[in-house]
Amino acid sequence: MLRFALVGCGRIAHRHAQLLADKHVAGAELAGVCDLIPERAAEFGKKYGAPHYTDMDEMVVASKPDVISVLTPSGLHAEHVIRLSRHGKPIVCEKPMALTLDDADAMIRACDKARAKLFIVKQNRWNRPVVKLREALESGRFGKLVMGTIRVRWCRTQEYYDHDPWRGTWRYDGGILANQASHHLDLLEWMMGEVESVFAKSSTALVNVETEDTAVAVLRFTSGALGVVEATTATRPKDLEGSLSILGEKGTVEIAGFAVNEMRHWNFVEPIPGDVDVLATHSVNPPNVYGFGHHAYLEHVVDAVVNDKAALVDGLEGRKSLELMTALYESIESAAEVKLRFRPRWSRLGRSKGDT
Ligand SMILES: NC(=O)c1ccc[n+]([C@@H]2O[C@H](COP(=O)([O-])OP(=O)(O)OC[C@H]3O[C@@H](n4cnc5c(N)ncnc54)[C@H](O)[C@@H]3O)[C@@H](O)[C@H]2O)c1
């Protein structure tokens, strides 16, 4: 039985705790929880039947977990992962892994040094239709890739951003690209391969925050294929979709639904047995935009830790979509096409006012 300790008792922590406390994830249970806000930690611990703390190191020493999960605001992931790496235990870090490439590199270095496995949560990679799409891609069914597109049309009101002071700030969150669309950017790059260049534009359309709530971008992949990103939290009055389309010379697949969960199109020039059933067997829209993926994700963590396997999204893999995301911000700020690899000069993501 692997025992997980959670750092941060906010929104996403409920997702982790429900799965762990009720032993939904085979071979995993909850060892302890911690939050800087004592009442929040106490209420959370009581709800999920776990000892609660306000200091992460104290929690690790007292509850002796096998895995530590960092579920704190994005701009704090680096500080917390580096601090916790000293315990030498596997660390699960929520997405995005960090907000700057320097932070990501420091996290990777610290975990390598401490021999602590680092897992970045990209739970949508485990969605049934996404797994199916990846299978088709790996077996070469698309032929030459032509275009990959993502659409994130979600609804986040002023109330959502005002709920916690870190939301919608450059230093701790970023906008739609860094927060909500980070999943879809990861999927796009995972399917289409390395990105060569990006050109992006953004606006803050419907809420009063520092960062963008709406962004569009065009991408060129090193394969020569093109990509389109359309992402907004200014969809009203409710969430519409989180979707991904992959178009190749020999096939087209589109996965839609709220959280990339519904196989909408599965068309191949050279069909194989089973293709006719794919739409029916790979379309389960979850009740909310978080999707179902944390369950499968945590099972992957257990398997990788117990059987000493590699993490599908380790620090280096998590860094890839962070680099893409940072390039999008660099393009927005500089109003120019940005070629990857690059060093950010303009991007405000992850920085405080006045930082150079
Ligand atoms: N995978 C997903 O689909 C998904 C969904 C939502 C959020 N997230 C990610 O999870 C992270 C947290 O988001 P959230 O919505 O749960 O935020 P939240 O504000 O609801 O929760 C964060 C919690 O961390 C606590 N915290 C901050 N510093 C701490 C410290 N030093 N020690 C202990 N606790 C500390 C805060 O008090 C707060 O309770 C973000 O990085 C976000 O991007 C991922």
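Up top you'll find the structure we're talking about.
Residues numbered from 1 in each chain as written. Predicted model: local features only at pLDDT ≥ 70, side-chain atom pairs only at ≥ 80, totals over all residues. Heavy atoms only, no water.

Examining the side chain of R134
Link 1 in the chain: Structurally, R134 is set in helix 6 (residues 128-138).
Link 2 in the chain: On the basis of relative accessible area, R134 is assigned to the buried category, the value being 19%.
Link 3 in the chain: Contact partners of R134, with chain neighbours within four places excluded, come to W190 and M191. (Helix = DSSP H or I, 4+ residues; strand = E, 2+ residues; numbered from the N terminus. Buried < 20%, exposed > 50% of the residue type's maximum accessible area, 1.4 Å probe, protein only. Contact = heavy atoms within 4.5 Å.)

A closer look at the sheet that holds strand 11 (residues 241-248)
Link 1 in the chain: Ordered in space as 13-12-11-7-10-9-8-14, the eight strands form an open sheet in which the pairing is mixed. The open sheet has two edge strands, strand 13 (262-268) and strand 14 (338-339), and neither has a second partner.
Link 2 in the chain: When strand 8 (residues 195-203) meets strand 14, the two strands line up antiparallel, connected through two bridges. Across the sheet, residue V198 finds its bridge partner in strand 14, namely V338. (Pairing = 2+ DSSP bridges.)

Observations regarding the packing of aromatic side chains
Link 1 in the chain: Tallying each qualifying case throughout the model produces six aromatic pairs.
Link 2 in the chain: Ring centres of W126 and Y297 lie 5.1 Å apart, and the angle between their planes is 85 degrees; this geometry places the pair in the edge-to-face category. Taken together, the residues span a long stretch of sequence, with W126 in the loop between strand 6 (118-120) and helix 6 and Y297 in helix 10 (residues 293-306) at a distance of 171 residues.
Link 3 in the chain: Seen from their ring centres, F142 and F268 are 5.2 Å apart, and the 70 degrees between their planes marks the pair as edge-to-face. Highlighted residues: F142 in the loop between helix 6 and strand 7 (145-153) and F268 in strand 13, separated in sequence by 126 residues. Each member of the pair, F142 as well as F268, is classed as buried.
Link 4 in the chain: Each residue in the set F142, W266 and F268 is aromatic and connected to the rest through ring pairs, giving one cluster.
Link 5 in the chain: One residue, R156, lies across the ring of Y160, its end atom 5.2 Å from the ring centre. (Phe/Tyr/Trp six-rings, centres within 6.5 Å; stacked < 30°, edge-to-face > 60°. Lys NZ or Arg CZ within 6 Å of the ring centre and 35° of its normal.)

What to know about helix 2 (residues 38-48)
Link 1 in the chain: Taken together, the buried positions of helix 2 are A41, F44, G45 and Y48. Projected down its long axis, helix 2 shows its buried positions confined to an angular sector of 100 degrees, all on one face. Turned more than 90 degrees away from the buried face of helix 2 sit E39, E43, K46 and K47, all of them exposed.
Link 2 in the chain: Those residues of helix 2 that are buried lie in contact with strand 1 (2-7), helix 1 (11-21), strand 2 (28-34) and strand 3 (52-53).
Link 3 in the chain: Note on helix 2: the residue one or two positions beyond its end, G49, has a positive phi of about 65 degrees. (Arc of directions from axis to C-beta.)

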